[in-house]
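Here is how the chains run, residue by residue.
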Amino acid sequence: MSLFALDLDLACDTAHPRIAAASQLELALKRLSPTHRETIRELSGVPRARHASFASCLGAAAVRGLLQQQTPADLDDLAIIVVGWRHHIPASWGFTERALTYGAGLVNPVQFPHILPSAVSTTIAAVVGSHGPALGVDLEFPAFRGGLDLAKQLIAAGICQSAVIVGVSDASVFSEWAQTDSQRWPAHFDGAFALFVDAPGRLAESLNASADAVDRLLNVYGKLFNGCE
Amino acid sequence: MNPVRIIGREAACNLGWNWDDVWAGLLRGEARVASFSSIRQPISGLDLQVAMIPDLDREVLDDPPGAGATFRLTRAVLRSLESGTIATKTRLFGASNHGESDALIELVRAADGAINRPHADALLPAMASDLVRIHAPDGMYLGGPVWVYSACSSSLHALALAVASLAEAQGSEETALVVAADALSPLAVAGFYRAGAIARRGCAPFDPVSDGLLIGEGAGAIHLGSSTGGSGATIAGIGMTCDAGHPTLPDPEATQLERAIRKALTRANIDAAEVDLVVAHGTGTAANDRAEAKALERVFGQGTVPVTSIKGMVGHCMGAAGILNLLVAERALVEGIAPAAIPSRDAVAGVDVVLGSPRCLERRRSALALAAGFGGNNVAVVLKNEN
């Protein structure tokens, strides 16, 4: 199980190829260095990544790793569900400061879409080429499990055929402040985690088949991304 | 797909604080606009026309922390429904484009020392969704609210999640309430202004000379149930796709929008010929309207179905835009009349736009409501008239 031994690689869990993460070595609860953040931006495949939120780059990196084996047809009805919604704050903060200081005429239009809470999910969709809905979803605790439930409902209702649920944590100063302030999670960690779901029945089957990964997902990442249980 | 019945609805925007007033204003073709610089706001260079609610309180308050205009809009439509149709066993689904962005502006100003706000930190967790959690009375709603962010398609995505939730709860007495709101945000206005998307000559959806959108503000709420009752309109099919292309512009060929419409029709088990009205996203930008017209022409044929847009009157209400379109589609089916896409004078090729004055519908079997958002999200919802 290589889930937490990533060393900045875009890693798939070898025991369970439908779980992937982009993270820092040994789940060290540390921030990525500026150099490492640049590396993640480059690896993410996000166009004009410097203007995107870092959370978008982390999420895209994780989901790219997860979907390497998927064909374009597999992506036609694949939903991207990003849990939590404050990922946009670092980008919004810079945009707001510039607007307040220089006025509307000097804000950067390229940065504009990234100030929205929905930017992480749609950026991921653009990178991987998925054509199902791309949503940011805010839920009560634990959000990752809530995201799984929503995905199951959408698939069961026939609204989409598969989904990737993404948890992402950007420990930049504004995000850390935001997350800690809202007591959602200890935001001292840069990372993203993604899980592929393709049918309600098979979800349960796949979770049972990889109990170790699921334990880590819900017990460790659940706390990281969604606050205390 | 099992039909879901609409059992309550409410709306607020520049045309009024309740849905009946808004609908009456739409039929009259009102377009109440004002300069954004007429209200006190901290970003310079925004002397632009917007569809503003004149008596909306825009102060960011500390009780509850961070409560601003978006919260007040959300609360207004929720309270109206809560005093009417809401019973127990209701799940709440919310939607917004930018949430309480004025709270973020207050935070930045406080951090920069521009204003004195001793407990500014408290504003942040109170933005939008948390505020509604504070508002929601204990025991009124099942579980915590689910809050959806997909830019201007947010409310119809929230609707889809509500419908999926009801499908899972089929056989129970559970209902779902979808609420969406966005107040005018100086950040959004600045962003659209710099993107060159705001109309200089007046927003005229589907008009070949329209040069941009009119930004608005508003809220909408819809109460859904799977049992009998309500007005007679049901949500019969939903299709959702994503262009997965440009961060702000729609795919000019509208391939995924067409897919979303066809999926909604298939799930509603109807042919395109059975659709008697389309309430389009119709922003008034050339990029959106031409792409949308292409998709509609491919699905329905050239000029065979009336198409309207309300954004020339109420403006683009961002996260609430989709649910307002849905309410218009439902009311048009029930009353047999569609508001015009005022002030459009002419229409791009391929679509039969309702121009000039409202049009009586020859038939009212079903209607299609559309919404699209930044990042390429498309949502299509088919409503059936069960009367």
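Residues numbered from 1 in each chain as written. Chains lettered and ligands numbered in written order. Predicted model: local features only at pLDDT ≥ 70, side-chain atom pairs only at ≥ 80, totals over all residues. Heavy atoms only, no water.

K.L.:
For the overall build of chain A, give the residues involved together with the corresponding values.
P.N.:
Helix and strand counts for chain A stand at nine helices and six strands. Out of the 229 residues belonging to chain A, those deemed buried represent 62%. Excluding contacts between residues fewer than 6 apart, the proportion of contacts in chain A whose partners are at least 24 apart in sequence is 71%. Roughly 8200 Å² of accessible area belongs to chain A as shown, and the carbon and sulfur atoms make up 51% of that amount. (Helix = DSSP H or I, 4+ residues; strand = E, 2+ residues; numbered from the N terminus. Buried < 20%, exposed > 50% of the residue type's maximum accessible area, 1.4 Å probe, protein only. Contact = heavy atoms within 4.5 Å. Areas by Shrake-Rupley, 256 points an atom, 1.4 Å probe, with all protein chains shown as cover.)

K.L.:
Break down the overall build of chain B for me, citing the residues and quoting the values.
P.N.:
The secondary structure content of chain B amounts to 10 helices and 18 strands. Computed over its C-alpha atoms, the radius of gyration of chain B comes to 20 Å, within 12% of the 21 Å expected for a compact globule of 387 residues. Taken along the three principal axes of its C-alpha coordinates, chain B extends 60 × 50 × 40 Å. Looking at the 387 residues of chain B, the share that counts as buried comes to 66%. Total accessible area on chain B is roughly 12700 Å²; 49% of this is exposed by carbon and sulfur atoms. Across chain B, the 32 positively charged side chains and the 41 negatively charged ones have centroids separated by 3 Å. (Rg over C-alpha atoms; globule rule 2.2 N^0.38 Å. Lys, Arg positive; Asp, Glu negative; His and termini not counted. Charge placed at Lys NZ, Arg CZ, Asp CG, Glu CD.)

K.L.:
Give a detailed account of the pattern of salt bridges, specifying residues and quantitative values.
P.N.:
All names here are of chain A. Here the structure, examined in full by the defined rule, presents 24 salt bridges over all chains. Measuring nitrogen to oxygen at the nearest pair gives 4.0 Å for the salt bridge that ties Arg41 to Glu38. Note that Arg41 and Glu38 are positioned in helix 1 (residues 34–44) at a spacing of three residues, about one turn of the helix. According to the relative accessible area criterion, Arg41 is buried, its value standing at 17%. Owing to a relative accessible area of 28%, Glu38 belongs among the partly exposed residues under this scheme. (Salt bridge = Lys/Arg side-chain N within 4 Å of Asp/Glu carboxyl O.)

K.L.:
Break down the nonpolar core for me, citing the residues and quoting the values.
P.N.:
One finds B:Leu26, B:Leu159, B:Leu224 and B:Ile235 to be the most contacted residues of the largest nonpolar core, which totals 77 residues. No other element matches helix 5 (residues 154–168) of chain B, which puts nine residues into this core. Sequence-distant contacts of B:Leu26, that is, excluding residues within four places in its chain, are made with B:Leu15, B:Trp19, B:Ile310, B:Met313, B:Val314, B:Val328 and B:Pro339. In terms of nonpolar packing, the next biggest core, distinct from the first, is built from 37 residues, A:Ala99, B:Ala151, B:Ile198 and B:Ile215 among them. (Core = buried A, V, L, I, M, F, W, Y, C linked by side-chain atoms within 4.5 Å.)

K.L.:
How would you explain the confidence of the model for chain A if you had to name every residue and give the values?
P.N.:
All names here are of chain A. Looking at chain A as a whole, the pLDDT averages 73, with 64% of positions reaching at least 70. Mean pLDDT across the elements of chain A ranges from a minimum in strand 1 (residues 10–12), with 41, to a maximum in helix 5 (residues 119–128), with 96. Scored below 50 in pLDDT, residues 23–29 makes 22 contacts in the model with residues more than four places away or belonging to other chains. Taken as a whole, residues 207–229 scores under 50 in pLDDT and shows 60 contacts with residues more than four places along the chain or in a different chain. (pLDDT = per-residue confidence, 0-100.)

K.L.:
I'd like a description of unusual backbone geometry, backed by residues and values.
P.N.:
Glycine aside, the phi torsion of most residues is negative, and most peptide linkages are trans. Notably, A:Arg48 is not glycine yet its phi reads approximately 50°, a positive angle. With respect to the helices and strands, the residue A:Arg48 is situated in the loop between helix 1 and helix 2 (54–66). Taking relative accessible area as the criterion, A:Arg48 reaches 59% and is therefore assigned exposed. The phi dihedral of B:Ala244 falls on the positive side, at around 55°, and the residue is not glycine.

K.L.:
Describe the pairing of strand 11 (residues 233–242) of chain B, and please don't skip the residues or the numbers.
P.N.:
Residue and element names in this part refer to chain B. By the criterion of burial, strand 11 is predominantly enclosed, with 10 of the 10 residues buried. Strand direction decides the pairing type here: strand 11 and strand 18 (residues 377–385), joined by nine bridges, are antiparallel. Across the sheet, Met240 pairs through a bridge with Val379, a residue of strand 18. (Pairing = 2+ DSSP bridges.)

K.L.:
Just give me the short version of the side chain of A:Ser44, but keep the residues and values in it.
P.N.:
All names here are of chain A. You can see Ser44 is positioned in helix 1. Only 3.1 Å separates the side chain of Ser44 from the backbone nitrogen of Val46, close enough to count as a polar contact. Apart from residues no more than four positions distant in its own chain, Ser44 is found in contact with Cys57, Ala60, Ala61, Arg64 and Val127. (Polar contact = N/O pair within 3.5 Å; in protein donor to acceptor, adjacent residues only side chain to side chain.)

K.L.:
Before we move on, could you go through helix 1 (residues 19–28) of chain B and cite the residues and values that matter?
P.N.:
All names here are of chain B. Considered for burial, the residues of helix 1 that qualify are Trp19, Val22, Trp23, Gly25 and Leu26. What you see down the axis of helix 1 is that its buried residues fit within an arc of 160°, all on one side. Residues of helix 1 that are buried in the fold lie against strand 1 (4–12), helix 9 (311–314), helix 10 (321–335) and strand 14 (337–338). Two or three places before Asp20, at the opening of helix 1, Asn18 has a side-chain oxygen 3.1 Å from that residue's backbone nitrogen. One or two positions beyond helix 1, positive phi appears at Gly29, with a value near 75°. (Arc of directions from axis to C-beta.)

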